[in-house]
Amino acid sequence: MKRIYFDYAATTPADPEVVSAMLPYFSEVFGNPSSLHYFGRQANNAVESARGVAAGFIGAKSEEIIFTSGGTESDNFALKGIAYANSSKGRHIITSNIEHHAILESCQFLESNGFKVTYLPVQSNGILNPDEVKKSISRETILISVMHANNEIGSIQQINEIGKIAQENKIYFHTDAVQSFGHIPINVDELNIDMLSASAHKIYGPKGVGLLYLRKGTKIQPFLNGGSQEKKLRASTHNVPGIIGFGKAIELASKNMGKEILQLTNLRDKLINGVITNIENIKLNGDSKQRLPNNANFSIKFVEGEGMVLGLDLEGIAVSSGSACTSGSLEPSHVLRAIGRTADLAHGSVRFSFGKFNTMEEVDYALEKFIKIVARLRKMSPLC
Ligand SMILES: Cc1ncc(COP(=O)(O)O)c(C=O)c1O
């Protein structure tokens, strides 16, 4: 059976060029970048070159990039690191109620350790009004963390506005850019960002490697203690092949972003228009314009998300209901609930997320199957 993958927001396949770039770093250039000898220097040069690529991509300096094990670690590092290093100034953090669990659970952990967290509600399009951020600032606020683009519904936040508010109030600003990095342009100065989380496996790089951009002068507590890697902020021997793969993936994203935005927007809009025209009682989740080029998320009345995912899987089409991280749980998605969907509509949601290896023919095929599957499931539904 031909298999079609429409779950690029969960993870992407490594680009063949990324794999080729990584291969020599397993057994040819295998040195420990911290070693002084030739083998170490060779590996260190490659890591520093990847760091330069990552920094250049977002308008940062090389020394402001810390390599981590992925988006989750970068989010934990930013939140806990800032909280503990700046607790003498205040113990209040502001975030949104549609963040990824890596942020929400870090906030809950901090709450259980004496910090106060404000979870700001978003509007029905999934976008946070920056005025809400302004209003919730107190003399105790030390950090604002708002994601750049949402992993479930793709809505893109007004990061530059929020960053400006943080800057005017001398508060650190972190953004979880795991879903936007490599997909839409980001410049940390233009967007007033102090810290940014990104992950390689969302941009055709390897799993288990990410980065935290940390503006020079930011006061942060180290995440892992041990060796002196990453300026003593993140101990542990570097994941050299992973970092090289991440660097290559960023290089490719930088070269192809404009072309990919157009390609993915066309695929996304073709599916959205087809679904809206052919299926009744559906809602597009997230803003219709301020959304990631590759995200289409629908709530479909009288149908369970799992039923649609399994029905499509039987036809060889991979999508997700809610986010990959929340599927498997019976709780309705916190993001869909936050934008005002009822529990039923939140349960009846399905996310298609596209990538550079998808084609229009695949979208046509999926649309045809999807319309039939929804009709079949509705026929069997006691609610119809
Ligand atoms: C918005 C967002 N933040 C953080 C993460 C976690 O990233 P990682 O899988 O690299 O730990 C994800 C992964 O789905 C994500 O979508």
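Cut-off values and rules
Residues numbered from 1 in each chain as written. Predicted model: local features only at pLDDT ≥ 70, side-chain atom pairs only at ≥ 80, totals over all residues. Heavy atoms only, no water. Helix = DSSP H or I, 4+ residues; strand = E, 2+ residues; numbered from the N terminus. Rg over C-alpha atoms; globule rule 2.2 N^0.38 Å. Buried < 20%, exposed > 50% of the residue type's maximum accessible area, 1.4 Å probe, protein only. Contact = heavy atoms within 4.5 Å. Areas by Shrake-Rupley, 256 points an atom, 1.4 Å probe, with all protein chains shown as cover. Lys, Arg positive; Asp, Glu negative; His and termini not counted. Charge placed at Lys NZ, Arg CZ, Asp CG, Glu CD. Pairing = 2+ DSSP bridges. Axes fitted to C-alpha atoms, helices over the stretch in contact; angles between N-to-C directions. pLDDT = per-residue confidence, 0-100. Near = heavy atom within 4 Å. Polar contact = N/O pair within 3.5 Å; in protein donor to acceptor, adjacent residues only side chain to side chain. Nonpolar A, V, L, I, M, F, W, Y, C, P; charged D, E, K, R; others polar.

**Things to note about the overall build of the chain**
Alright, step 1. Scanning the chain from terminus to terminus reveals 12 helices and 12 strands.
Alright, step 2. Here the C-alpha atoms of the chain give a radius of gyration of 21 Å, agreeing with the 21 Å that 2.2 N^0.38 yields for 384 residues.
Alright, step 3. Once the C-alpha set of the chain is aligned to its principal axes, its extents read approximately 65 × 55 × 35 Å.
Alright, step 4. Within the span of the chain, comprising 384 residues, buried residues form 57% of the whole.
Alright, step 5. If you take every contact in the chain between residues at least 6 apart in sequence, the share linking residues at least 24 apart comes to 75%.
Alright, step 6. Counting every atom, the chain has about 16,400 Å² of accessible surface; 53% of that belongs to carbon and sulfur.
Alright, step 7. Distance from the positive charge centre (40 side chains) to the negative charge centre (38 side chains) of the chain: 2 Å.

**Description of the sheet that holds strand β10 (residues 295–300)**
Alright, step 1. With antiparallel pairing, the 3 strands of this open sheet are ordered in space as β9-β10-β12. Two strands bound the open sheet, and with one partner strand each, they are β9 (282–284) and β12 (349–353). For this sheet, the mean angle separating the axes of adjacent strands, direction not counted, is 25°.
Alright, step 2. With 5 bridges connecting them, β10 and β12 associate as antiparallel partners. Pairing of Phe-298 across the sheet is with Val-350, part of β12.
Alright, step 3. Along the sheet face, helix α8 (residues 240–278) touches β9, β10 and β12 and points at about 15° away from the line of β10.
Alright, step 4. Strands in contact with helix α12 (residues 360–380) are β9, β10 and β12; relative to β10, the strand with the most contacts, it is inclined by about 20°.

**Re the confidence of the model for the chain**
Alright, step 1. Looking at the chain as a whole, the pLDDT averages 96, with 97% of positions reaching at least 70.
Alright, step 2. Per-element mean pLDDT across the chain ranges from 91 in helix α11 (residues 343–347) up to 99 in strand β7 (residues 195–199).
Alright, step 3. Predicted confidence is poor over residues 323–327, with pLDDT under 50, and the contacts of this stretch with residues over four places away or in other chains come to 9 contacts.

**What to know about the site of the ligand**
Alright, step 1. Taken together, 13 residues lie near the ligand, and Gly-71, Thr-72, Asp-176, Ser-199 and Lys-202 sit nearest.
Alright, step 2. Contact distances for the ligand include 2.8 Å between an oxygen atom and a backbone N or O atom of Gly-71.
Alright, step 3. The contact in question runs from an oxygen atom of the ligand to an N or O atom on the side chain of His-201, over 2.9 Å.
Alright, step 4. Surface burial for the ligand is 88%, taken as the share of its 390 Å² of free accessible area covered by protein chains.
Alright, step 5. For the shell around the ligand, the element with the highest residue contribution is helix α4 (residues 71–85), accounting for 3 residues.
Alright, step 6. Taken together, the residues that form the shell around the ligand break down as 2 nonpolar, 8 polar and 3 charged.

**Digging into the side chain of Ser-320**
Alright, step 1. Note on placement: Ser-320 falls in the loop between β11 (317–318) and α10 (334–338).
Alright, step 2. On the basis of relative accessibility, which here comes to 5%, the residue Ser-320 falls in the buried class.
Alright, step 3. With sequence-adjacent residues up to four places away left out, Ser-320 is seen in contact with Asp-7, Val-309, Val-350 and Arg-351.

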